[in-house]
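Read off the chains here:
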Amino acid sequence: MSKLNYVSEDKTPLPPKNAEVLTTCCDYCIVACGYKVYRWPVGTPDGGPKASENAFGVDFPTGAMQAWVAPTQYNVVQHQGKPHNVVIIPDKDSKAVNFGGDSSIRGGTIAQKCYNPKKPTSDRLMSPMIRINGALQPVSWDTALDVAAELIKHTVKTHGANAYAMKMYSYQFVENTYALSKFAKGGVNTANFTFHDTPADVTSTPGFRDAGFDNFGPAYKDWGDAEVLMICGTDPYETKTMIFNQFIKPAIDQGQKTIWLNVRETAGLAYAKSKGNALHIQLDPGTDTPVLGAIARVIMENGWEDKDWIKNWVNNKWESSSGFGQGTRNTPWQWRTTWGKFQTKGFEDYKKWNFAQKEYNPKEAARIANIPVEDIYKAAEWLAKPKADGTRPKTSLGIEKGFYWSNNTGNTNAVSSLATLCGAGGRPGQVVGRFGGHQRGGTGGAGLPRNKSPQKRPGRRRQSMDCDRYFYSGLTRFAHVVGTTWIQSMCGSQGLNDKFEELVTNNKHQVRSSGKQAIIDTLKKRMDSGGTVVLNQDIYLRDPIGSKFADIVLPAATWGEEDFVRANGERRIRLYSKFYDAPGDAKPDWWIISQLAQRLGFDGYDWKNSNEVCEESSRFSRGNRKAYHMIKVAAHKEGKTLHQKLREMGTEGIQGPTFYNYKTGELMGSERLHNTECTPEKMAREGRTQGANMVNKKMTHFNSQTGKVNIQKHPWSLFSDYWEWMSPKKDELWHTNGRINEIWQSGFDDVDRRAYIAQRWPENWTEIHPDDAKARGIESGDKILLYSDRVPAFRQTIKGVHGSDFNFAELMKNGWIELSKAAVEAVAIVTPHVKKGTMYSYFVNTNQPSNALQGRVPDQISGNYNYKMGVARVKKIGESKYKHEFTHMSFAPRNVV
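Residues numbered from 1 in each chain as written. Predicted model: local features only at pLDDT ≥ 70, side-chain atom pairs only at ≥ 80, totals over all residues. Heavy atoms only, no water.

J.: I'd like a description of the overall build of the chain, backed by residues and values.
T.: Across its full length, the chain holds 30 helices and 29 strands. If you line up the chain on its principal axes, its C-alpha atoms span 75 × 70 × 65 Å. The buried share of the chain, taken over its 897 residues, is 66%. Contacts in the chain between residues far apart in sequence, at least 24 positions, make up 77% of those at least 6 positions apart. Accessible area for the chain stands at about 30700 Å²; split by element, carbon and sulfur atoms hold 48% of it. Side chains of the chain give 118 positive and 94 negative charges; the mean places of these two sets differ by 4 Å. (Helix = DSSP H or I, 4+ residues; strand = E, 2+ residues; numbered from the N terminus. Buried < 20%, exposed > 50% of the residue type's maximum accessible area, 1.4 Å probe, protein only. Contact = heavy atoms within 4.5 Å. Areas by Shrake-Rupley, 256 points an atom, 1.4 Å probe, with all protein chains shown as cover. Lys, Arg positive; Asp, Glu negative; His and termini not counted. Charge placed at Lys NZ, Arg CZ, Asp CG, Glu CD.)

The following block contains the structure:
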């Protein structure tokens, strides 16, 4: 990582009139702003400053908001084996998302992501490698794939399918996610499968699923059309900038009230406060459920609930249980919604239950959350109190990871019930959903064989396998890791790292010969002796999963290097065009899987290009939120491929689910899901019910057994014992983490590849309140140590017998929780914008992973980690080099307007 002072280039060429123009989208956050790529050969004339001389058709210097090119928006790439200039800028003609060509700091510099051997991207993986004598050595694709296939075959035959694990991204492109999931869950048929952000293949928002809400039902405009917007666990400006700039900020300027549940006051919240119409509920980590339950109680005590909405759209006792029969509930959402822990008999039953819970008394909730009780009453009034003319406020509620990864099941159930009381769901400006993190590129090629998972709660309630716990128990023989930093992105990461060392590098069976059969024989012996073999597919050699632990490394092609498809947070589907050659021998993940599958004798993997994969996957998308099958139908009617049809749609794309009118030839999208103002008759008139069109229930109703909302309980008691045990003791402070605007994910292609970001954030950091810092003699710029000797981990998979077996207190009592130590170094940022008693770090700094301090104890109902719940002690260990100079880090608070 560069520590040199960054000096920007001061000029860049303009694309000429004859430059090729392709469309793509930003590869980073959920918003997926539209971009144009201008490409022309190196050595041919560049564009000139006159409008008649450049591809933009404007005179330079340009006026405000006109097209221009910054040095960070220019690069040189290889196209068809020859060097080409590329300029990648936000689409000034965009009809969706980033109107006028606005962008965040991440997307606005995305040209620097492209491989260029003269830039910091020069360390891209370009050849398959196998670790021999402790060092990764280049080998041919045939050798690497033959070795991997033979080892996977041996794993399944000798140790069973569950001994093969796949840990993969969920957010990438549909061609890759389809191929990977088809291979692991279908071909290998393993239950040892999950995504980058969770230990098990489960929904991230169980409360939404059980209520019937889709995570991404709203349109972006719905956030701006609300009169009152509750924002839970995020600042949209920090983490999805264009949603804030284009939709929320203009609404705030026009009087929209916003209610924020967060431990920090950052720029978006500060801006809203500056307009005088924001409420910041600055609660302690993990206490959202009591706060939301208390807000709901105040609403019901005053009779402010949306009675008409509840009457028409909330399930009663019989509707809640309908459609399930009397047998086993075979899916988690079925057993959760018909299990007395969460199920209600309707609104009156929920009201009675809420009023009986002491923690939903506003005073008690305020005590638990460490907030003024007045915040609860004010929030209830803003959200639900009818206006003087009797009309109700248009209220929307949006959540993100700071919320649903604090108390996963309880929080998502609570916000679903609160939204239902407010009448939010499926109406313009009255919605509930996620704001989003990653883009939505997942298409499943097969279902998880959950019946093969060893995990179940008492009763016939099967859960998806906790892959971290299975690995930690020494049962994973072959770990297939695709595009994710498995270790640092999980909780208790130092414990996971130690287990990888034990099972991989410390096993005596290490490859010493370059002969293919010798490699295979040695690694088989490792697996048979209880060790693990690691296969890593990635674009860079990441530490430690690739650089230290991987036995086989396969170089992947990525954004810009292949035609790919995915959707954004409002289900807008677009083509991300290929505009340059992948470096070296790098290949897209779908191709790698195709080659592995064919070597294993699996049928149906002989794809010749990415469009073939996309077209095959389209039928698996039918019924989901971004259903794109009808784009293929329309394309084939016109003699085109699916990719060609999407290319024609440019940066606007189309919102899923998609429909095709066979009579008019019109391809139609869907502005929002759960559109309760749309009728089946209207759908039929528009031609959305003809032929291969599929009208899923979630289009006009909610995704429950009846199409109405399940209003659910959210018992604090399922989480309170963990929260109370975890709460800071003596000189400990809460420790939480998350994103910031300038960095994407683990920094794999921004912090590590862009000198100005590396200069801005050269190391991990921790925000600490001035009072907490003063008591410990800490100043901004000091080097600090965050440490804990009580990082809990659920050490082994068990099958529950009694109802309380998975409560944290019982797990502790029965010896299933082990405590370990962890320590992380950081640079202190002393700032009043973080809550007193709470520290905040970046979430996936791979050198000093803050997740080492977070407990590896999944939510007992959903199987997700509560990543935002940790504690640590902190002490000064010296001064950083940044403390007394102003060229690298800034210690200014982030709540600057």
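J.: Tell me what's going on with the side chain of Arg 571, and back it up with residues and numbers.
T.: Counting through the fold element by element, Arg 571 comes out in the loop between β19 (564-567) and β20 (572-576). The buried charged residue Arg 571 lacks any salt bridge, with Asp 214 as its nearest oppositely charged partner at 5.7 Å. Among the polar contacts listed, one links the side chain of Arg 571 to the backbone oxygen of Ser 670, at a separation of 2.9 Å. Those residues in contact with Arg 571 that sit more than four places away from it in its chain are Phe 216, Gly 217, Pro 218, Ala 219, Arg 625, Ile 654, Gln 655, Gly 656, Ser 670, Glu 671, Arg 672 and Leu 673. (Salt bridge = Lys/Arg side-chain N within 4 Å of Asp/Glu carboxyl O. Polar contact = N/O pair within 3.5 Å; in protein donor to acceptor, adjacent residues only side chain to side chain.)

J.: Tell me about the packing of helix α6 (residues 241-253) against helix α7 (residues 267-274), and name the residues and values.
T.: Working note: a packed helix pair is described by the angle between its axes plus the distance between those axes. Contact pair α6 / α7: the axes reach a minimum separation of 10 Å and the direction vectors enclose 20°. Comparing the axis directions of α6 and α7 gives the class roughly parallel. Judged by the twist between their axes, the crossing of α6 over α7 is right-handed. Contacts between α6 and α7 involve Phe 244, Lys 249, Ile 252 and Asp 253 from the former and Gly 268, Tyr 271 and Ala 272 from the latter. Here the contact of α6 with α7 is built from residues that sort into four nonpolar, one polar and two charged. (Axes fitted to C-alpha atoms, helices over the stretch in contact; angles between N-to-C directions. Parallel < 35°, antiparallel > 145°, perpendicular 65-115°, else oblique. Left-handed = near helix turned anticlockwise from the far one by under 90°. Nonpolar A, V, L, I, M, F, W, Y, C, P; charged D, E, K, R; others polar.)

J.: So what's going on with the packing of aromatic side chains? Residues and values would help.
T.: Overall, the coordinates contain 50 aromatic pairs when judged by the stated rule. Between Trp 725 and Phe 808, the aromatic rings sit 5.2 Å apart at their centres with planes inclined by 55°, giving tilted as the arrangement. Within this pair, whereas Trp 725 is found in helix α27 (residues 717-726), its partner Phe 808 is found in helix α30 (residues 808-813), the two being separated by 83 residues in sequence. For the pair shown, Trp 725 and Phe 808 are each scored as buried. (Phe/Tyr/Trp six-rings, centres within 6.5 Å; stacked < 30°, edge-to-face > 60°.)

J.: For helix α24 (residues 642-649), give the residues involved together with the corresponding values.
T.: Burial in α24 covers these residues: Leu 642, His 643, Lys 645, Leu 646 and Met 649. Around the axis of α24, the buried residues are gathered within 160° of arc, so they sit on the same side. Downstream of α24 by one or two residues, Gly 650 has phi in the positive range, about 55°. (Arc of directions from axis to C-beta.)

J.: Describe the sheet that holds strand β3 (residues 74-79), listing the residues and the values that go with them.
T.: Pairing is antiparallel in the open sheet, where four strands are placed in the order β1-β2-β4-β3. On the outer flanks of this sheet lie β1 (20-25) and β3, each paired with one strand and no other. Taken pair by pair, the neighbouring strands of this sheet meet at an average axis angle of 35°, ignoring direction. Direction of pairing for β3 relative to strand β4 (residues 82-90): antiparallel, over a ladder of six bridges. The partner of Gln 78 across the bridge, within β4, is Pro 83. (Pairing = 2+ DSSP bridges.)

J.: Before we move on, could you go through the packing of helix α8 (residues 288-301) against helix α16 (residues 408-421) and cite the residues and values that matter?
T.: Two elements in contact, α8 and α16, have axes separated by 9 Å at closest approach and are oriented at 20°. The angle between α8 and α16 falls in the class roughly parallel. Crossing hand, α8 versus α16: left-handed. Across the interface between the two elements, Asp 288, Thr 289, Leu 292, Ile 295, Ala 296, Ile 299 and Met 300 from α8 touch Gly 410, Asn 411, Ala 414, Val 415, Leu 418 and Leu 421 from α16. Of the residues contributing to the contact of α8 with α16, the split by class is nine nonpolar, three polar and one charged.

J.: Requested: an account of the side chain of Thr 443, with residues and values cited.
T.: Counting through the fold element by element, Thr 443 comes out in the loop between β13 (432-434) and β14 (456-457). Judged by its relative accessible area of 3%, Thr 443 falls in the buried class. For Thr 443, the residues in contact, after removing those within four places along its chain, are Val 174, Thr 177, Tyr 178, Ser 181, Ser 617, Phe 620, Ser 621, Lys 626 and Tyr 628.

J.: Any chance you could break down the pairing of β19 for me, citing the residues and the numbers?
T.: By the alternation rule, side chains of β19 split into Phe 564 and Arg 566 and Val 565 and Ala 567, which are all buried. With four bridges joining them, β19 and β20 adopt antiparallel strand pairing. Each bridged residue has a counterpart across the sheet, and for Arg 566 the counterpart in β20 is Arg 574. A loop of four residues connects β19 with β20, the two strands running antiparallel in sequence, and Arg 571 in this loop sits at a positive phi of about 65°.

J.: Before we move on, can you summarise the environment of Ser 204 with the specific residues and values?
T.: As for its placement among the helices and strands, Ser 204 is situated in the loop between β8 (193-195) and α3 (206-211). Of the residues examined, Ser 204 reaches a relative accessible area of 14% and is grouped as buried. With 11 residues separating them along the chain, Ser 204 and Asn 215 place their C-alpha atoms 9.0 Å apart. In this structure, Ser 204 is in contact with Asn 215, Tyr 404, Asn 408, Arg 434 and Asn 864, ignoring residues within four places of it in sequence.

J.: Describe the pattern of salt bridges, with residues and values.
T.: Enumeration according to the criterion identifies 55 salt bridges in this entry. As a salt-bridge pair, Glu 561 and Arg 124 come within 2.8 Å of each other at their nearest N and O atoms. Of the two residues, Glu 561 is situated in the loop between β18 (552-555) and β19 and Arg 124 in the loop between β4 and β5 (129-132); the sequence distance between them amounts to 437 residues. Residue class for Glu 561 comes out buried when judged on its relative accessible area of 3%. Classification of Arg 124 by relative accessible area gives buried; the value is 4%. The partner of Glu 763 in a salt bridge is Lys 783, with the nearest N and O atoms 2.4 Å apart. Highlighted residues: Glu 763 in the loop between α28 (755-760) and β25 (765-768) and Lys 783 in strand β26 (residues 782-794), separated in sequence by 20 residues. The exposure class of Lys 783 is buried, given its relative accessible area of 18%. Three or more residues joined by partner-sharing salt bridges are found here, namely Glu 779, Asp 782, Lys 876, Glu 879 and Lys 883.

That is the geometry; function is a separate question.
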